[in-house]
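One-letter residues, chain by chain:
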Amino acid sequence: MPTDALQALKRGEEQLWLNPYLRSDALSLLDFTSDDITDAQMRLSRLAPLIAALFPETQESDGIIESPITEIPDIAKAFSIQGCLLLKRDSDLPIAGSVKARGGIYEVLKHTEDIARAQGFEELLHGEVTEASIAHLRQQLASYTVQVGSTGNLGLSIGIMSAALGYNAVVHMSADARGWKKTLLREKGVRVKEYDGDYSLAVKRGRELSAADPMSYFVDDESSKELFLGYSVAARRLKAQLDCMGIAVDDDHPLNVYLPCGVGGAPGGICFGLKTEFGSAVRCYFAEPVEAPCMLAALLMGGPVPVTELGLSGRTIADGLAVGCASELVYLQMRHLLDGEYTVDDKRLIPWQRLLWETERIFVEPSACAAFGGMGHIPDIVDGSHVTHIAWATGGMLVPESERQASY
Ligand SMILES: *Cc1c(COP(=O)(O)O)cnc(C)c1O
(Lines give C-alpha, C1' and ligand atoms only; values in the text may rest on other atoms or scores of the structure.)
Protein backbone atom coordinates (compact mmCIF):
# COMPACT_ATOMS: atom_id res chain seq x y z
CA MET A 1 0.00 0.00 0.00
CA PRO A 2 2.72 2.59 0.85
CA THR A 3 4.49 1.71 -2.41
CA ASP A 4 1.27 2.28 -4.38
CA ALA A 5 0.84 5.62 -2.65
CA LEU A 6 4.42 6.53 -3.50
CA GLN A 7 3.86 5.62 -7.16
CA ALA A 8 0.73 7.78 -7.28
CA LEU A 9 2.62 10.61 -5.59
CA LYS A 10 5.46 10.42 -8.11
CA ARG A 11 3.00 10.40 -11.00
CA GLY A 12 1.32 13.54 -9.62
CA GLU A 13 -2.05 11.78 -9.21
CA GLU A 14 -4.70 12.80 -6.72
CA GLN A 15 -5.07 10.31 -3.89
CA LEU A 16 -6.42 9.70 -0.42
CA TRP A 17 -3.91 8.15 1.96
CA LEU A 18 -5.00 6.79 5.33
CA ASN A 19 -2.15 6.71 7.79
CA PRO A 20 -1.14 3.11 8.57
CA TYR A 21 1.20 4.38 11.31
CA LEU A 22 -1.67 5.97 13.28
CA ARG A 23 -1.48 5.12 17.00
CA SER A 24 -4.04 5.71 19.73
CA ASP A 25 -1.25 6.68 22.15
CA ALA A 26 0.33 9.13 19.68
CA LEU A 27 -0.11 12.19 21.92
CA SER A 28 2.07 10.62 24.62
CA LEU A 29 4.92 10.28 22.09
CA LEU A 30 5.11 13.99 21.17
CA ASP A 31 7.59 16.67 22.19
CA PHE A 32 4.70 18.82 23.45
CA THR A 33 1.91 18.57 26.04
CA SER A 34 -1.33 20.38 26.76
CA ASP A 35 0.60 22.51 29.31
CA ASP A 36 2.54 23.98 26.38
CA ILE A 37 -0.74 24.98 24.74
CA THR A 38 -1.92 26.55 27.99
CA ASP A 39 1.33 28.49 28.25
CA ALA A 40 0.91 29.81 24.68
CA GLN A 41 -2.72 30.69 25.28
CA MET A 42 -1.84 32.60 28.45
CA ARG A 43 0.92 34.50 26.69
CA LEU A 44 -1.54 35.61 24.00
CA SER A 45 -4.02 36.71 26.69
CA ARG A 46 -1.32 38.56 28.62
CA LEU A 47 -0.29 40.52 25.55
CA ALA A 48 -3.80 41.08 24.19
CA PRO A 49 -3.99 44.70 25.47
CA LEU A 50 -0.81 45.50 23.52
CA ILE A 51 -2.24 43.88 20.37
CA ALA A 52 -5.47 45.84 20.76
CA ALA A 53 -3.49 49.08 21.03
CA LEU A 54 -1.27 48.33 18.02
CA PHE A 55 -4.06 47.00 15.79
CA PRO A 56 -7.40 48.82 16.24
CA GLU A 57 -9.15 46.13 14.15
CA THR A 58 -8.70 43.77 17.11
CA GLN A 59 -10.28 46.08 19.68
CA GLU A 60 -13.68 44.45 19.29
CA SER A 61 -12.19 41.14 20.46
CA ASP A 62 -10.02 42.83 23.14
CA GLY A 63 -6.81 42.04 21.28
CA ILE A 64 -7.54 38.33 20.80
CA ILE A 65 -6.82 37.34 17.18
CA GLU A 66 -9.54 34.88 16.23
CA SER A 67 -11.66 34.04 13.20
CA PRO A 68 -15.36 33.28 12.74
CA ILE A 69 -16.75 29.87 11.85
CA THR A 70 -19.64 29.62 9.39
CA GLU A 71 -21.92 26.85 8.22
CA ILE A 72 -21.72 26.50 4.41
CA PRO A 73 -24.79 24.42 3.50
CA ASP A 74 -24.66 25.11 -0.26
CA ILE A 75 -21.14 23.74 -0.47
CA ALA A 76 -22.19 20.73 1.61
CA LYS A 77 -24.92 20.11 -0.95
CA ALA A 78 -22.49 20.50 -3.85
CA PHE A 79 -20.26 17.82 -2.32
CA SER A 80 -23.20 15.59 -1.22
CA ILE A 81 -22.18 15.80 2.41
CA GLN A 82 -24.89 14.61 4.80
CA GLY A 83 -23.48 16.05 8.01
CA CYS A 84 -22.89 19.70 8.89
CA LEU A 85 -20.10 21.39 6.92
CA LEU A 86 -18.40 24.37 8.56
CA LEU A 87 -15.79 26.77 7.23
CA LYS A 88 -13.18 27.94 9.76
CA ARG A 89 -12.42 31.37 8.39
CA ASP A 90 -8.77 32.02 9.13
CA SER A 91 -8.97 33.73 5.74
CA ASP A 92 -10.49 36.58 7.78
CA LEU A 93 -8.06 36.56 10.70
CA PRO A 94 -7.19 40.16 11.60
CA ILE A 95 -3.75 41.69 10.99
CA ALA A 96 -2.35 39.10 8.55
CA GLY A 97 -5.43 37.67 6.79
CA SER A 98 -4.26 34.08 7.01
CA VAL A 99 -3.63 31.20 9.40
CA LYS A 100 -0.12 32.66 9.81
CA ALA A 101 -1.61 35.32 12.08
CA ARG A 102 -1.73 32.55 14.71
CA GLY A 103 1.78 31.11 14.71
CA GLY A 104 3.69 34.05 13.29
CA ILE A 105 2.39 36.71 15.63
CA TYR A 106 2.74 34.34 18.57
CA GLU A 107 6.42 33.72 17.85
CA VAL A 108 7.21 37.44 17.54
CA LEU A 109 5.45 38.06 20.87
CA LYS A 110 7.29 35.21 22.58
CA HIS A 111 10.63 36.53 21.31
CA THR A 112 9.70 40.03 22.51
CA GLU A 113 8.89 38.76 25.99
CA ASP A 114 12.23 36.92 26.07
CA ILE A 115 14.14 40.10 25.18
CA ALA A 116 12.14 42.19 27.62
CA ARG A 117 12.83 39.76 30.45
CA ALA A 118 16.56 39.67 29.67
CA GLN A 119 16.81 43.46 29.33
CA GLY A 120 14.50 44.35 32.23
CA PHE A 121 11.71 46.16 30.38
CA GLU A 122 8.88 43.65 30.90
CA GLU A 123 6.81 46.45 32.42
CA LEU A 124 6.43 47.88 28.91
CA LEU A 125 4.70 44.67 27.82
CA HIS A 126 2.65 43.77 30.85
CA GLY A 127 1.92 47.14 32.45
CA GLU A 128 -0.63 49.67 31.33
CA VAL A 129 -0.45 50.25 27.57
CA THR A 130 -0.26 53.93 26.63
CA GLU A 131 1.08 55.88 23.67
CA ALA A 132 4.17 56.63 25.72
CA SER A 133 4.72 52.98 26.72
CA ILE A 134 4.43 51.89 23.08
CA ALA A 135 6.89 54.56 21.92
CA HIS A 136 9.30 53.46 24.64
CA LEU A 137 8.90 49.78 23.68
CA ARG A 138 9.60 50.55 20.01
CA GLN A 139 12.70 52.44 21.02
CA GLN A 140 13.89 49.44 23.07
CA LEU A 141 13.33 47.05 20.15
CA ALA A 142 14.72 49.29 17.40
CA SER A 143 18.21 47.81 17.64
CA TYR A 144 16.92 44.25 17.12
CA THR A 145 16.16 42.51 13.83
CA VAL A 146 13.61 39.82 13.04
CA GLN A 147 13.95 37.84 9.81
CA VAL A 148 11.94 35.12 8.09
CA GLY A 149 11.88 33.15 4.83
CA SER A 150 8.47 32.86 3.24
CA THR A 151 6.32 32.06 0.22
CA GLY A 152 4.30 35.13 1.26
CA ASN A 153 1.85 34.76 4.11
CA LEU A 154 4.31 34.01 6.89
CA GLY A 155 6.29 37.02 5.70
CA LEU A 156 3.17 39.18 5.99
CA SER A 157 2.46 37.97 9.49
CA ILE A 158 6.01 38.26 10.85
CA GLY A 159 6.78 41.42 8.88
CA ILE A 160 3.66 43.35 9.90
CA MET A 161 3.93 42.35 13.57
CA SER A 162 7.69 42.97 13.84
CA ALA A 163 7.50 46.36 12.13
CA ALA A 164 4.59 47.39 14.39
CA LEU A 165 6.69 46.60 17.47
CA GLY A 166 9.62 48.65 16.18
CA TYR A 167 11.98 45.88 15.06
CA ASN A 168 13.97 45.98 11.85
CA ALA A 169 12.03 43.42 9.87
CA VAL A 170 13.52 41.51 6.93
CA VAL A 171 11.50 39.04 4.82
CA HIS A 172 13.23 36.68 2.40
CA MET A 173 10.72 35.85 -0.33
CA SER A 174 10.75 32.85 -2.68
CA ALA A 175 9.99 33.15 -6.39
CA ASP A 176 6.40 31.92 -5.75
CA ALA A 177 5.55 34.93 -3.60
CA ARG A 178 2.99 37.27 -5.15
CA GLY A 179 4.00 40.81 -6.04
CA TRP A 180 1.27 42.46 -3.98
CA LYS A 181 2.56 40.81 -0.81
CA LYS A 182 5.99 42.32 -1.37
CA THR A 183 4.48 45.74 -2.07
CA LEU A 184 2.32 45.60 1.05
CA LEU A 185 5.28 44.68 3.23
CA ARG A 186 7.41 47.48 1.85
CA GLU A 187 4.60 49.93 2.60
CA LYS A 188 4.72 48.75 6.22
CA GLY A 189 8.45 49.48 6.42
CA VAL A 190 9.63 45.89 6.02
CA ARG A 191 12.76 45.09 3.99
CA VAL A 192 11.93 42.50 1.33
CA LYS A 193 14.67 40.41 -0.26
CA GLU A 194 13.72 38.44 -3.35
CA TYR A 195 15.16 35.11 -4.52
CA ASP A 196 14.89 33.28 -7.82
CA GLY A 197 14.72 29.92 -6.11
CA ASP A 198 12.06 28.13 -4.09
CA TYR A 199 10.95 28.50 -0.52
CA SER A 200 13.72 26.31 0.94
CA LEU A 201 16.34 28.56 -0.63
CA ALA A 202 14.71 31.72 0.80
CA VAL A 203 14.69 30.10 4.25
CA LYS A 204 18.30 28.97 3.92
CA ARG A 205 19.58 32.42 2.91
CA GLY A 206 17.57 34.14 5.61
CA ARG A 207 18.85 31.73 8.23
CA GLU A 208 22.48 32.32 7.17
CA LEU A 209 22.17 36.11 7.13
CA SER A 210 20.44 36.14 10.48
CA ALA A 211 23.03 33.83 12.08
CA ALA A 212 25.75 36.32 11.11
CA ASP A 213 24.09 39.11 13.11
CA PRO A 214 23.97 38.74 16.92
CA MET A 215 21.06 41.20 17.16
CA SER A 216 18.97 39.23 14.69
CA TYR A 217 16.37 36.54 15.35
CA PHE A 218 15.25 34.12 12.65
CA VAL A 219 11.74 32.67 12.59
CA ASP A 220 12.52 29.24 11.20
CA ASP A 221 9.41 27.78 9.60
CA GLU A 222 11.21 24.47 9.00
CA SER A 223 11.85 23.80 12.69
CA SER A 224 10.00 26.29 14.88
CA LYS A 225 8.43 25.06 18.12
CA GLU A 226 6.96 28.49 18.78
CA LEU A 227 5.07 28.60 15.50
CA PHE A 228 3.73 25.10 16.19
CA LEU A 229 2.47 26.12 19.64
CA GLY A 230 1.01 29.39 18.41
CA TYR A 231 -1.09 27.46 15.91
CA SER A 232 -2.15 24.89 18.51
CA VAL A 233 -4.14 27.45 20.52
CA ALA A 234 -6.76 27.48 17.74
CA ALA A 235 -8.30 24.22 18.97
CA ARG A 236 -9.48 25.39 22.40
CA ARG A 237 -11.04 28.45 20.92
CA LEU A 238 -12.71 26.29 18.28
CA LYS A 239 -14.17 24.13 21.02
CA ALA A 240 -15.73 27.21 22.60
CA GLN A 241 -17.19 28.22 19.21
CA LEU A 242 -18.67 24.76 18.63
CA ASP A 243 -20.13 24.75 22.16
CA CYS A 244 -21.80 28.07 21.39
CA MET A 245 -23.30 26.62 18.23
CA GLY A 246 -24.59 23.60 20.16
CA ILE A 247 -22.39 21.23 18.16
CA ALA A 248 -21.27 18.23 20.20
CA VAL A 249 -17.99 16.46 19.51
CA ASP A 250 -17.62 12.99 21.01
CA ASP A 251 -17.18 9.44 19.80
CA ASP A 252 -20.83 9.35 18.66
CA HIS A 253 -20.49 12.75 16.95
CA PRO A 254 -17.08 12.76 15.31
CA LEU A 255 -15.41 15.78 13.81
CA ASN A 256 -13.47 15.62 10.52
CA VAL A 257 -11.07 18.50 9.94
CA TYR A 258 -9.46 19.26 6.56
CA LEU A 259 -6.26 21.32 6.72
CA PRO A 260 -4.20 22.67 3.80
CA CYS A 261 -0.54 21.84 4.39
CA GLY A 262 2.65 23.57 3.28
CA VAL A 263 5.74 23.00 5.41
CA GLY A 264 3.42 21.54 8.07
CA GLY A 265 3.56 23.98 11.00
CA ALA A 266 0.07 25.43 10.73
CA PRO A 267 -1.92 22.24 10.09
CA GLY A 268 0.40 20.28 12.41
CA GLY A 269 -0.01 22.68 15.32
CA ILE A 270 -3.77 22.83 14.81
CA CYS A 271 -3.97 19.02 14.58
CA PHE A 272 -1.99 18.69 17.81
CA GLY A 273 -4.36 21.14 19.52
CA LEU A 274 -7.45 19.37 18.18
CA LYS A 275 -6.28 15.91 19.25
CA THR A 276 -5.44 17.26 22.70
CA GLU A 277 -8.88 18.85 22.97
CA PHE A 278 -11.14 16.21 21.40
CA GLY A 279 -9.12 12.98 21.62
CA SER A 280 -10.33 10.14 19.41
CA ALA A 281 -13.48 12.09 18.43
CA VAL A 282 -11.54 14.21 15.93
CA ARG A 283 -9.92 13.07 12.69
CA CYS A 284 -7.46 15.34 10.93
CA TYR A 285 -6.60 15.19 7.24
CA PHE A 286 -3.98 17.30 5.49
CA ALA A 287 -4.45 18.56 1.94
CA GLU A 288 -1.52 19.14 -0.41
CA PRO A 289 -1.12 20.01 -4.11
CA VAL A 290 -0.21 17.03 -6.31
CA GLU A 291 2.99 18.82 -7.39
CA ALA A 292 4.10 19.78 -3.85
CA PRO A 293 2.99 16.99 -1.46
CA CYS A 294 5.98 17.38 0.85
CA MET A 295 4.35 16.10 4.06
CA LEU A 296 2.90 13.05 2.33
CA ALA A 297 6.35 12.40 0.87
CA ALA A 298 7.84 12.57 4.39
CA LEU A 299 5.20 10.21 5.78
CA LEU A 300 5.78 7.72 2.96
CA MET A 301 9.58 7.93 2.97
CA GLY A 302 10.06 7.95 6.75
CA GLY A 303 11.42 11.52 6.80
CA PRO A 304 11.42 14.80 4.83
CA VAL A 305 12.61 14.49 1.22
CA PRO A 306 12.54 17.30 -1.37
CA VAL A 307 9.66 16.54 -3.77
CA THR A 308 11.94 17.47 -6.68
CA GLU A 309 13.93 14.31 -5.83
CA LEU A 310 10.72 12.36 -6.46
CA GLY A 311 10.29 13.88 -9.90
CA LEU A 312 7.75 16.57 -9.00
CA SER A 313 8.04 20.27 -9.80
CA GLY A 314 7.05 21.73 -6.43
CA ARG A 315 5.10 24.36 -8.41
CA THR A 316 1.47 25.17 -7.70
CA ILE A 317 -0.95 28.10 -7.94
CA ALA A 318 -1.62 27.43 -4.24
CA ASP A 319 1.31 29.67 -3.31
CA GLY A 320 0.85 29.11 0.45
CA LEU A 321 1.43 25.41 -0.13
CA ALA A 322 4.35 25.73 -2.57
CA VAL A 323 6.78 23.97 -0.28
CA GLY A 324 9.20 21.33 -1.54
CA CYS A 325 10.32 19.82 1.74
CA ALA A 326 8.37 19.29 4.97
CA SER A 327 9.40 20.39 8.46
CA GLU A 328 11.10 17.49 10.22
CA LEU A 329 9.84 18.68 13.60
CA VAL A 330 6.24 18.60 12.38
CA TYR A 331 6.67 15.34 10.48
CA LEU A 332 7.85 13.66 13.70
CA GLN A 333 4.79 14.92 15.60
CA MET A 334 2.37 13.89 12.83
CA ARG A 335 3.76 10.46 12.02
CA HIS A 336 1.51 8.60 14.47
CA LEU A 337 -1.08 11.34 15.08
CA LEU A 338 -2.42 12.32 11.65
CA ASP A 339 -5.37 10.33 10.30
CA GLY A 340 -4.60 10.84 6.64
CA GLU A 341 -3.74 13.04 3.69
CA TYR A 342 -5.14 13.74 0.28
CA THR A 343 -3.65 15.48 -2.70
CA VAL A 344 -5.39 17.93 -5.00
CA ASP A 345 -4.85 18.88 -8.61
CA ASP A 346 -4.39 22.64 -9.14
CA LYS A 347 -7.08 22.79 -11.78
CA ARG A 348 -9.79 22.11 -9.18
CA LEU A 349 -8.86 25.00 -6.89
CA ILE A 350 -10.20 27.96 -8.86
CA PRO A 351 -13.65 26.41 -9.55
CA TRP A 352 -14.00 25.76 -5.80
CA GLN A 353 -12.85 29.28 -5.02
CA ARG A 354 -15.51 30.64 -7.37
CA LEU A 355 -18.20 28.32 -5.96
CA LEU A 356 -17.54 29.56 -2.42
CA TRP A 357 -17.72 33.17 -3.57
CA GLU A 358 -20.89 32.66 -5.60
CA THR A 359 -22.76 30.70 -2.93
CA GLU A 360 -21.54 32.28 0.32
CA ARG A 361 -19.81 35.51 -0.72
CA ILE A 362 -16.69 34.38 1.12
CA PHE A 363 -13.34 35.02 -0.52
CA VAL A 364 -10.47 32.62 0.11
CA GLU A 365 -7.17 32.18 -1.73
CA PRO A 366 -6.50 29.08 -3.87
CA SER A 367 -4.37 27.46 -1.15
CA ALA A 368 -7.34 27.48 1.21
CA CYS A 369 -9.49 25.66 -1.36
CA ALA A 370 -7.27 22.59 -1.12
CA ALA A 371 -9.29 21.80 2.02
CA PHE A 372 -12.26 20.91 -0.20
CA GLY A 373 -10.28 18.13 -1.88
CA GLY A 374 -11.17 15.76 0.95
CA MET A 375 -14.88 16.12 0.29
CA GLY A 376 -14.63 13.92 -2.76
CA HIS A 377 -12.77 11.19 -0.91
CA ILE A 378 -13.43 11.03 2.76
CA PRO A 379 -17.25 10.95 2.99
CA ASP A 380 -17.07 7.48 1.39
CA ILE A 381 -15.41 6.29 4.54
CA VAL A 382 -16.84 8.24 7.41
CA ASP A 383 -19.84 10.29 6.39
CA GLY A 384 -23.25 10.32 7.97
CA SER A 385 -25.52 12.99 9.37
CA HIS A 386 -23.80 12.56 12.75
CA VAL A 387 -20.40 13.73 11.41
CA THR A 388 -19.38 17.41 11.53
CA HIS A 389 -16.87 18.52 8.89
CA ILE A 390 -14.62 21.56 9.09
CA ALA A 391 -12.77 22.88 6.05
CA TRP A 392 -9.99 25.14 7.34
CA ALA A 393 -9.89 28.21 5.07
CA THR A 394 -6.31 29.30 5.61
CA GLY A 395 -6.05 32.64 3.83
CA GLY A 396 -7.63 35.33 1.69
CA MET A 397 -8.55 38.62 3.39
CA LEU A 398 -5.56 40.68 2.30
CA VAL A 399 -5.72 39.63 -1.38
CA PRO A 400 -6.36 42.89 -3.32
CA GLU A 401 -9.47 43.28 -5.47
CA SER A 402 -7.47 43.30 -8.71
CA GLU A 403 -5.96 39.90 -7.82
CA ARG A 404 -9.38 38.52 -6.94
CA GLN A 405 -10.77 39.53 -10.33
CA ALA A 406 -7.79 38.03 -12.15
CA SER A 407 -8.22 34.81 -10.19
CA TYR A 408 -11.84 34.37 -11.32
C1 LIG B 1 1.12 28.84 5.18
C2 LIG B 1 -0.18 28.48 4.63
C3 LIG B 1 -0.68 27.18 4.73
C4 LIG B 1 0.07 26.02 5.34
O5 LIG B 1 0.82 26.26 6.49
P6 LIG B 1 2.22 25.54 6.71
O7 LIG B 1 2.63 25.89 8.07
O8 LIG B 1 3.17 26.03 5.67
O9 LIG B 1 1.96 24.07 6.53
C10 LIG B 1 -1.93 26.95 4.18
N11 LIG B 1 -2.63 27.92 3.57
C12 LIG B 1 -2.18 29.18 3.47
C13 LIG B 1 -3.03 30.21 2.80
C14 LIG B 1 -0.94 29.49 3.99
O15 LIG B 1 -0.48 30.75 3.87
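Everything that follows concerns the structure shown earlier in this document.
What you see is a predicted model, and the numbers here were worked out from it, not measured in a lab.

Caption draft 1: Up close: the packing of helix α8 (residues 153-165) against helix α9 (residues 179-187). Between α8 and α9, the shortest axis-to-axis distance is 10 Å and the interhelical angle comes to 5 degrees. Regarding the angle of α8 to α9, the classification is roughly parallel. Contacts from Asn-153, Gly-155, Leu-156, Gly-159 and Ile-160 of α8 reach α9 at Trp-180, Lys-181, Leu-184 and Leu-185. When the residues that make up the contact of α8 with α9 are grouped by side-chain class, the tally is five nonpolar, three polar and one charged.

Caption draft 2: Representation of empty space enclosed by the protein within the structure. The final tally for this structure, using the stated rule, is three cavities of 30 Å³ or more. Taken as a whole, the largest cavity encloses approximately 250 Å³ of empty space. Around the largest cavity, the lining is made up of 26 residues, and of these Val-99, Lys-100, Gly-262, Gly-320 and Leu-321 lie nearest the centre. For the lining of the largest cavity, the elements supplying multiple residues, two or more each, are α8, β8 (255-260) and α13 (265-278). Element by element, the count of residues in the lining of the largest cavity is highest for α13, at four residues.

Caption draft 3: Here's a closer look at helix α12 (residues 234-244). Within the sequence span of α12, burial applies to Ala-234, Ala-235, Arg-237, Leu-238, Gln-241 and Leu-242. The arc that holds every buried residue of α12, seen down its axis, measures 160 degrees, which confines them to one face.

Caption draft 4: Representation of the packing of aromatic side chains. The final tally for this structure, using the stated rule, is eight aromatic pairs. Between Phe-32 and Phe-228 the ring centres are 4.9 Å apart and the planes differ by 25 degrees, which places this aromatic pair in the stacked class. With Phe-32 in the loop between β1 (16-18) and α2 (34-46) and Phe-228 in helix α11 (residues 225-232), the pair connects residues that are 196 residues apart, well separated along the chain. Accessibility assignment for this pair places Phe-32 and Phe-228 in one class, buried. Of the aromatic side chains, those joined through ring pairs into one cluster are Phe-32, Phe-228 and Phe-272. The ring of Tyr-21 carries the charged tip of Arg-335 above its face, separated from the ring centre by 4.8 Å. One residue, Arg-404, lies across the ring of Phe-363, its end atom 4.1 Å from the ring centre.

Caption draft 5: Highlighting the site of the ligand. Close contacts around the ligand come from 16 residues, with Lys-100, Asn-153, Gly-262, Gly-264 and Thr-394 the closest. Between the ligand and Val-263 there is a distance of 3.0 Å, counted from an oxygen atom to a backbone nitrogen or oxygen. One of the backbone N or O atoms of Ala-266 is found 2.8 Å from an oxygen atom in the ligand. Counting atoms within 2 Å of the grid points, the majority share of the ligand lands in the largest cavity. Tallying contributions element by element places α13 first for the shell around the ligand, with three residues. For the shell around the ligand, a count of residues per class yields six nonpolar, eight polar and two charged.

Caption draft 6: Just the sheet that holds strand β9 (residues 282-289), in detail. Read across the open sheet, the seven strands follow the order β1-β10-β9-β8-β11-β3-β2; overall the sheet is mixed. Among the strands making up the open sheet, the edge pair consists of β1 and β2 (69-71). Strand after strand, the sheet turns through a mean of 20 degrees between neighbouring axes, direction not considered. As paired strands, β8 and strand β11 (residues 388-393) are joined by four bridges and run parallel to one another. Note that in β11 the partner of Tyr-258 across the bridge is Ala-391. Of the strands in this sheet, β8, β9 and β11 touch α13, which is tilted by about 170 degrees from β9.

Caption draft 7: View of the sheet that holds strand β4 (residues 145-150). Pairing is parallel across the open sheet formed by four strands, whose spatial order is β6-β5-β4-β7. Each edge of the sheet is formed by a strand with only one pairing partner; in this case those strands are β6 (191-194) and β7 (216-219). Across the sheet, the mean angle separating the axes of adjacent strands is 20 degrees when strand polarity is ignored. Both β4 and strand β5 (residues 168-173) contribute to a ladder of six bridges, which runs parallel. Note on β5: the bridge partner recorded for Thr-145 is Asn-168. The strands that helix α10 (residues 199-211) touches are β4, β5, β6 and β7; relative to β4, the one it contacts most, it runs at about 160 degrees.

Caption draft 8: The arrangement of the state of the cysteines in detail. Summed over the entire model, instances satisfying the criterion amount to zero disulfides. With no disulfide partner, Cys-244 has as its closest neighbouring cysteine sulfur the one in Cys-84, 15 Å distant. Using a relative accessible area of 73% as the deciding quantity, one classes Cys-244 as exposed.

Rules used throughout
Residues numbered from 1 in each chain as written. Predicted model: local features only at pLDDT ≥ 70, side-chain atom pairs only at ≥ 80, totals over all residues. Heavy atoms only, no water. Axes fitted to C-alpha atoms, helices over the stretch in contact; angles between N-to-C directions. Helix = DSSP H or I, 4+ residues; strand = E, 2+ residues; numbered from the N terminus. Parallel < 35°, antiparallel > 145°, perpendicular 65-115°, else oblique. Contact = heavy atoms within 4.5 Å. Nonpolar A, V, L, I, M, F, W, Y, C, P; charged D, E, K, R; others polar. 1 Å grid on protein atoms, 1.4 Å probe; cavity = no way out; pocket = protein on both sides within 12 Å on 5 of 7 lines; lining within 4 Å. Points joined across faces, edges and corners; volume = space filled by probe spheres on them. Buried < 20%, exposed > 50% of the residue type's maximum accessible area, 1.4 Å probe, protein only. Arc of directions from axis to C-beta. Phe/Tyr/Trp six-rings, centres within 6.5 Å; stacked < 30°, edge-to-face > 60°. Lys NZ or Arg CZ within 6 Å of the ring centre and 35° of its normal. Near = heavy atom within 4 Å. Polar contact = N/O pair within 3.5 Å; in protein donor to acceptor, adjacent residues only side chain to side chain. Sits in = over half its atoms within 2 Å of the grid points. Pairing = 2+ DSSP bridges. Disulfide = S-S within 2.5 Å.

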